[in-house]
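# Analysis of the macromolecular model
These are the residues of each chain, in order.
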Amino acid sequence: MTPRTVDIAIIGLGNVGRGFLRILETKGERLADQYGISFRVVCVADSSGVAVDPQGYDPAATRVHKEGGGRVAGLQGYRAGQTPAQVLKDLAVGLVLEASPVDLKTGEPGLSVTRTSLRRGIPVVLANKGPLVLAFSELRDLAHAHGAGLGYSATVCGALPVINIGQRDLVAADITTLAGIFNATTNFILAEMGTGRSFDDALVEAQQRGIAETDPTLDVEGWDTANKLIIIANSFLGISVTLADVNVQGITRVTAEDLRAARTSGNTIKLLARAERTGSGYALSVRPTVVPLHSFLGQCDGWEMGIELQSDLYGLMFYKIWEREPLPTAAAMLRDAVNLLARQ
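Conventions adopted
- Residues numbered from 1 in each chain as written.
- Predicted model: local features only at pLDDT ≥ 70, side-chain atom pairs only at ≥ 80, totals over all residues.
- Heavy atoms only, no water.
- Helix = DSSP H or I, 4+ residues; strand = E, 2+ residues; numbered from the N terminus.
- Rg over C-alpha atoms; globule rule 2.2 N^0.38 Å.
- Contact = heavy atoms within 4.5 Å.
- Areas by Shrake-Rupley, 256 points an atom, 1.4 Å probe, with all protein chains shown as cover.
- Phe/Tyr/Trp six-rings, centres within 6.5 Å; stacked < 30°, edge-to-face > 60°.
- Buried < 20%, exposed > 50% of the residue type's maximum accessible area, 1.4 Å probe, protein only.
- Pairing = 2+ DSSP bridges.
- Expected span 1.5 Å × (residues − 1).
- Core = buried A, V, L, I, M, F, W, Y, C linked by side-chain atoms within 4.5 Å.
- Axes fitted to C-alpha atoms, helices over the stretch in contact; angles between N-to-C directions.
- Left-handed = near helix turned anticlockwise from the far one by under 90°.
- Salt bridge = Lys/Arg side-chain N within 4 Å of Asp/Glu carboxyl O.
- Polar contact = N/O pair within 3.5 Å; in protein donor to acceptor, adjacent residues only side chain to side chain.
- Patch = residues over 30% accessible without salt bridge, like charges linked within 9 Å, V, L, I, M, F, W, Y side chains within 5 Å.

Assigned secondary structure in the protein chain consists of 12 helices and 13 strands. For 344 residues, the compact-globule estimate of 2.2 N^0.38 gives 20 Å, and the C-alpha radius of gyration of the protein chain, at 20 Å, lies within 12% of that figure. In terms of its C-alpha atoms, the protein chain occupies a principal-axis envelope of roughly 60 × 45 × 40 Å. Restricting to contacts in the protein chain with at least 6 residues of sequence separation, those with at least 24 account for 72%. With the model as given, the accessible surface of the protein chain reaches about 14,700 Å², and the carbon-plus-sulfur share is 48%.

Right, here's the structure in full:
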């Protein structure tokens, strides 16, 4: 089988974007042989701007360039003064991958990139939560109206297929309760504080590993977890909500003394997202919560994330993942990309 070549744009070359490039380096032949797809990177963007090469950028060379401190502005084909959305208005691509930093005020540049691409009928895969948090219904409707795929499983718990489970595997179910640890950075920090390590020292390690958000306050103040809860709610809880509908509290007020006291009582403290079904919809919250030490979520420790789902048809289900590096999130983008392209 001769693989089809799919020209792609990668917007955002941080840890996740570079991880996607690494996957293309190491799995390119398998993707061609097993899935019949050969990805050609014809457009890349970072905070310095956008570059386009119709012949394609070598994934390994581009990754090494970025990891060595290089910027897109230093690549052949740099488009001075243009934004990613402006370039994508007429660029011939078959898929856009959006992994730029989260911006909860404007959603940019991801929101404009996603809107522009979907209006052209180009499928989009998101690792960036901002566009979905700010404009979920609009983007879903744009994708439907223009026959463009929209994949975003990478936005919730990295490689853990929470979105796929909720949308595909819980057919006709009413979810009564949902509880989860959706942020590996805060889970790691709380676990390390329980051993006597300082909050600041644990956060630095999370940043060095590329797991913490570019703005770590999104993690420690609970907003990254809230973003994921919003995406879940809009995706498969059957409600339309925004961040204003979530009661959010982060972990910055949790002390080592709080953790010790909880453990003395056979408990621990986790930053939990919860959705409780009510007569009028769901009550949504994110807050540090005391849970039994030997419960499923109590045993989701360190770099683990997990979710409990209780529904009327499928009973109580548990899923978790250990994710210390950003590569699995990049792999989730690949999963979405392959699945979207298989439908064309």
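Across all of its chains, the model carries four aromatic pairs by this definition. Seen in terms of ring centroids, Phe20 and Phe39 are 6.3 Å apart; in terms of plane orientation they differ by 75°. Their pairing is edge-to-face. With a gap of 19 residues between them, Phe20 in helix H1 (residues 15–35) and Phe39 in strand E2 (residues 37–46) connect regions that are remote in the sequence. On the numbers, 4.0 Å between centres and 10° between planes, the contact of Phe188 with Trp303 is stacked. Linking Phe188 in helix H7 (residues 184–194) with Trp303 in the loop between strand E11 (281–292) and strand E12 (304–311), this pair joins segments that are 115 residues apart in sequence. When sorted by exposure, Phe188 lands in the same class as Trp303, which is buried.

Take the pairing of strand E13 (residues 315–322) next. Summarising the sheet, E12 and E13 pair through eight bridges and their orientation is antiparallel. Opposite Gln310, over in E13, you have Leu316 as the bridge partner. As consecutive antiparallel partners, E12 and E13 are separated by three residues.

To continue, consider helix H10 (residues 223–236). An α-helical segment advances 3.6 residues per turn. Residues three or four places apart therefore align on the same side. Over its 14 residues, H10 extends 20 Å from the first C-alpha to the last, a length consistent with the 20 Å expected when each residue adds 1.5 Å. One or two steps after H10, the chain reaches Gly238, where phi turns positive at roughly 80°.

Another point: the nonpolar core. Of all hydrophobic cores here, the largest spans 79 residues; its most connected members are Val96, Leu150, Leu178, Leu229 and Ile232. Sequence-distant contacts of Leu178, defined by excluding residues within four places in its chain, comprise Leu229, Ile232, Phe236, Ala273, Arg274, Ala275, Ile307, Glu308 and Leu309.

What follows covers the sheet that holds E11. Spatial strand order, E9-E11-E10-E8-E12-E13: six strands in an open sheet with mixed pairing. Edge positions in the sheet fall to strand E9 (246–248) and E13, since each has one partner strand and no second. Sheet twist, expressed as the average angle between the axes of neighbouring strands with direction ignored, equals 20°. Running at roughly 145° to strand E10 (residues 267–278), H7 makes contact with strand E8 (175–181), E10 and E12 of the sheet.

Attention shifts here to the sheet that holds strand E6 (residues 124–126). With respect to topology, seven strands assemble into an open sheet ordered E4-E3-E2-E1-E5-E6-E7, the strand pairing being mixed. The open sheet has two free edges, formed respectively by strand E4 (78–79) and strand E7 (150–151), since each of these has just one partner strand. With eight bridges connecting them, strand E1 (residues 4–11) and E2 associate as parallel partners. Along E2, the bridge assignment pairs Ile10 with Val44. Each of E1, strand E5 (95–98), E6 and E7 is contacted by helix H4 (residues 110–119), which is oriented at about 165° to E5, the strand it contacts most.

This brings us to unusual backbone geometry. The phi angle of most residues is negative, glycine excepted, and most peptide bonds adopt the trans form. Residues Glu108 and Pro109 are joined by a peptide bond in cis, for which omega reads 0°. The topology assignment puts Pro109 in the loop between E5 and H4. Look at Cys157: it is not a glycine, yet its phi comes out positive at around 60°. Turning to its location among the elements, Cys157 is positioned in the loop between E7 and helix H6 (162–169).

Turning our eyes to something else, we now look at the packing of H1 against helix H2 (residues 59–67). Look at H1 against H2: their axes get within 8 Å of each other, and the N-to-C directions meet at 145°. Crossing angle aside, the handedness with which H1 passes H2 is left-handed. Between H1 and H2, the residues in contact are Arg18, Leu21, Arg22, Leu24 and Glu25 and Pro59, Ala60, Thr62, Arg63, Lys66 and Glu67, respectively.

Under the criterion given, the structure shown has 18 salt bridges. For Lys270, the salt bridge identified is with Asp301, shortest N-O distance 3.4 Å. With Lys270 in strand E10 and Asp301 in the loop between E11 and E12, this pair connects stretches of sequence that are 31 residues apart. A single network of salt bridges, built from pairs that share partners, joins Arg18, Glu25, Arg63 and Glu67.

On to the side chain of Thr289, then. Residue placement: Thr289 occurs in strand E11. Judged by relative accessible area, which is 19%, Thr289 ranks as buried. A polar contact is formed between the side chain of Thr289 and the backbone oxygen of Arg287, at a distance of 3.0 Å. When near neighbours in sequence (up to four residues on either side) are disregarded, Thr289 contacts Thr268, Ile269, Lys270 and Leu272.

Here we take up a nonpolar patch on the surface. Among the surface-exposed residues, Val171, Leu313 and Tyr314 lie close enough to one another that they form a single nonpolar patch of about 290 Å² accessible area. Within the secondary structure, Leu313 sits in the loop between E12 and E13.

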